[in-house]
Amino acid sequence: MKTIIEPFKIKSVEPIHFTTEAEREKILEEAFFNPFLIRADDVLIDLLTDSGTSAMSAKQWAGILDGDEAYAGSRSYFRFEKAVRSLTGFKHIIPTHQGRAAEKILFTLVGGKGKIIPNNTHFDTTRANVEFSGAEGVDLPTDEGKKPDLIADFKGNMNVPALKALIDRVGPQNIPLCMITITNNSGGGQPVSMANIRDTKALLRQYNIPLFLDACRFAENAFFIKKREPGYATKSAAEIAHEMFSYADGCTMSAKKDAFVNMGGFLALNNDALAANARNLLIVTEGFTTYGGLAGRDLEAIAQGLEEILDEHYLTYRIRSVEYLGQKLVGGGVPIVEPPGGHAIYLDAKRFAPHLRPDQYPGQAIVCELYRAGGIRSVEIGSVMFGKYDASGKLVSPPMELVRLAIPRRVYTQSHIDYVIEVVLDVYARRTRLRGYRIIEEAPVLRHFTAKFAVLPS
Ligand SMILES: *Cc1c(COP(=O)(O)O)cnc(C)c1O
């Protein structure tokens, strides 16, 4: 088989800024060893997130100029509505400024004290909006999904027997809806199978509980189904996406992921009464029903992006390029969450730096060294992000210590990724000399964004 190439050529470029190791050492110190506090101009390869960082196509940029900025009834809204409806089949299409705004509206309406929202794994903003409404979010991943070194096709699946047990325990009247996140972002970017979506829906139907998809990476998920699930090899990604949405009663979407835009999202659903209430809330918090929190030009770019994302040359390249990074790292002995997910590679910091205890923040040590050695920005997903303290002030760590290398869509070429591989392998070769960190200042919530660190003595 021939090399899978980038299915685009480059029309417009943006220079990246080079720094020396000595400069980066100083920058790190000035940022208190927290990459969120580093200026983007001081980063060479930015793998902090795949959200809102995509390169737009020439046709999307053309749509930006063509956007209709009418307050009500904009032509761009109707193009957007048509694109989302033909993808999802949902009756009501409500634009929002990003995914969390759709979540806020949905959970304000269906959440509240005493309510339970099950999900294969809540993304952090989804959980925050569920909890902000007073409801409780329950994660129900499968046992496979919790093992970083286990290779399986659909580690993002919902644990259907656990969902049934939850419904029987708390009562269907307390579960206003169930969500499935595709792909499972907090669970390592792992896909969910069609059979699992179908089985979840079949169970929920018995109790009259609606199913909503957190659809941010629906196209990557559809492509994994095509590649891995029996019966789907000859179906198009678009047909598979239609089938996934056909089992759901609605979805929330961050268009900053699988719609290639820098800002945008939507809530889409079938229930007329819920949609009417959602539109009323939208007008209060986001804007009029035909623009939500967006400009007309943004709606054009989303409509165009939703067409482009289902191009199978793109999806082949996308999934292969993330897998390429994963395979090269595994080939060099680097421990990662396997198999590679759709949008990111997750380094397993516990096996990468076993000499560092969770309270010495092994993931943060790797993040800092990737930046110092190569100007690469990544993010710790472990005790820094999810750590809590018990009554005695002792750190309570999450089960996994990970470092996420998220790959922005259509932004970096293979030689950028080859460079990333070289830097990770170099840091891995020197892993026993990685030093731990301690936190010297932190916020009470979401501390990872602003915490300050100091290096522990060796
Ligand atoms: C990014 C994301 C969201 C939130 O979307 P924003 O556009 O960042 O508000 C929700 N769920 C998942 C799975 C995500 O990846």
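Note that residues are indexed from 1 along each chain, following the sequence as it is written. Given that this is a predicted model, residues contribute local features only at a pLDDT of at least 70 and side-chain atom pairs are listed and counted only at 80 or more, while totals for whole chains, interfaces and linings are drawn from all residues. Values shown for side chains rest on all heavy atoms present in the structure; no hydrogens or waters enter the calculation.

**Focus on the sheet that holds strand β9 (residues 344-348)**
- Only when DSSP finds a minimum of two bridges between them are two strands counted as paired. Only DSSP runs of H or I with at least four residues qualify as helices, and only runs of E with at least two residues qualify as strands; both kinds are numbered from the N terminus onward. Overall, antiparallel pairing links the three strands, which are arranged β9-β14-β11 in an open sheet. At either margin of the open sheet sits one strand with a lone partner, and together these are β9 and β11 (379-381). Along the sheet, successive strands turn relative to each other by an average axial angle of 35 degrees, direction set aside.
- As paired elements, β9 and strand β14 (residues 402-406) share five bridges and run antiparallel to each other. Within the sheet, the bridge partner assigned to A344 lies in β14 and is A406. Every angle, taken between N-to-C directions, lies between 0 and 180 degrees, and every axis is a line fitted to C-alpha atoms, over only the stretch in contact when it is a helix.

**Some remarks on the site of the ligand**
- If even one non-hydrogen atom of a residue comes within 4 Å of a molecule or strand, that residue is called near it. Around the ligand, the surrounding shell holds 15 residues, and the nearest of these are R100, D214, R217, S254 and K257.
- In isolation the ligand offers 380 Å² of accessible surface; the protein chains occlude 98% of this area.
- Mapped onto the shell around the ligand, the elements with two or more residues apiece are α4 (99-110) and α5 (124-132).
- A per-element tally of the shell around the ligand places α4 first, with three residues.
- For the shell around the ligand, the residue count by class is two nonpolar, seven polar and six charged. Here, Shrake-Rupley sampling with a 1.4 Å probe gives the accessible areas, and only protein chains in the shown set may cover a residue. Residue type decides the class: Asp, Glu, Lys and Arg count as charged, Ala, Val, Leu, Ile, Met, Phe, Trp, Tyr, Cys and Pro as nonpolar, and the leftover types, Gly among them, as polar.

**So, the packing of aromatic side chains**
- Pairing of aromatic rings covers Phe, Tyr and the six-membered ring of Trp, with a centre-to-centre limit of 6.5 Å; geometry is then stacked below 30 degrees between planes, edge-to-face above 60, and tilted otherwise. Here the structure, examined in full by the defined rule, presents 15 aromatic pairs.
- Ring centres of Y71 and Y291 lie 5.1 Å apart, and the angle between their planes is 70 degrees; on these two criteria the pair is classed as edge-to-face. Of this pair, Y71 sits in the loop between α2 (58-66) and α3 (75-88) while Y291 sits in the loop between α10 (272-285) and α11 (296-308), placing them 220 residues apart in sequence.
- Looking at Y291, the relative accessible area reads 19%, which means it is buried.
- Ring centres of Y77 and F80 lie 6.1 Å apart, and the angle between their planes is 45 degrees; on these two criteria the pair is classed as tilted. Taken as a pair, Y77 and F80 lie in helix α3 at a separation of three residues, close to a single helical turn. There is no split in this pair, since Y77 and F80 are both buried.
- Linked through ring pairs, F8, F260, Y314 and Y317 together constitute an aromatic cluster.
- A positively charged side chain is recorded as over a ring if its NZ (Lys) or CZ (Arg) lies within 6 Å of the ring centre. The angle to the ring normal must also be within 35 degrees. Its guanidinium or amino end placed over the ring of F260, R410 lies 3.5 Å from that ring's centre, counting from NZ or CZ.
- Its guanidinium or amino end placed over the ring of F32, K452 lies 4.7 Å from that ring's centre, counting from NZ or CZ. When a residue's accessible area, from a 1.4 Å probe over protein chains only, is under 20% of the maximum for its type it is buried; when over 50% it is exposed; and in between it is partly exposed.

**Concerning the packing of helix α12 (residues 312-331) against helix α16 (residues 414-429)**
- Where α12 meets α16, the closest approach of the two axes is 10 Å, and the angle between their N-to-C directions is 25 degrees. When the interaxial angle is binned, α12 and α16 end up roughly parallel. α16 is crossed by α12, and the crossing has right-handed handedness. Contacts between α12 and α16 involve Y324, L325, K328 and L329 on the former and, on the latter, Q414, I417, D418, V420, I421, V424 and L425.
- Its residues placed into classes, the contact of α12 with α16 shows eight nonpolar, one polar and two charged. Roughly parallel here means an angle under 35 degrees, roughly antiparallel means over 145, roughly perpendicular means 65 to 115, and every remaining angle is called oblique. In this scheme the crossing of two helices becomes right-handed for a clockwise turn of the near helix relative to the far one and left-handed for an anticlockwise turn of less than a right angle. Here, residues are in contact when the closest pair of their heavy atoms is within 4.5 Å.

**Thoughts on the domain arrangement of the chain**
- Here the domain parsing of the chain yields domain 1 (21-50 + 311-455) and domain 2 (58-308).
- Segment limits for the domains were obtained from an automatic or database-derived domain assignment. A C-alpha centroid distance of 27 Å is found between domain 1 and domain 2.
- On the side of domain 2, 28 residues touch domain 1, which itself brings 23 residues to the contact.
- Buried area: the sum, over both parts, of the accessible surface (1.4 Å probe) that disappears when the two are put together. Taken together, both faces of the contact between domain 1 and domain 2 bury some 2,200 Å²; the carbon and sulfur share is 55%.
- Considering only the side of domain 1, the residues that lose the most area to domain 2 are E312, P339 and R409, jointly responsible for 23% of the buried surface there.
- We define a salt bridge as a contact between a side-chain nitrogen of Lys or Arg and a carboxyl oxygen of Asp or Glu at a distance within 4 Å. Here domain 1 and domain 2 share six salt bridges between them.

**Points about the nonpolar core**
- Counting residues in hydrophobic clusters, the biggest one holds 64 residues, and the most contacted among them are F218, M244 and L306.
- It is helix α8 (residues 218-228) that provides the largest number of residues to this core, a total of six residues.
- Both domains that meet at this core, namely domain 1 (21-50 + 311-455) and domain 2 (58-308), each give it at least three residues.
- Beyond its immediate sequence surroundings of up to four residues, F218 is in contact with L87, I182, A241, M244, F245, M253, D258, L306, I309 and L310.
- Among the buried residues, those of types Ala, Val, Leu, Ile, Met, Phe, Trp, Tyr and Cys that are joined through side-chain atoms within 4.5 Å form a nonpolar core. If you look at the next biggest cluster of nonpolar residues, it comprises 48 residues, including A349, L356, I407 and I439.

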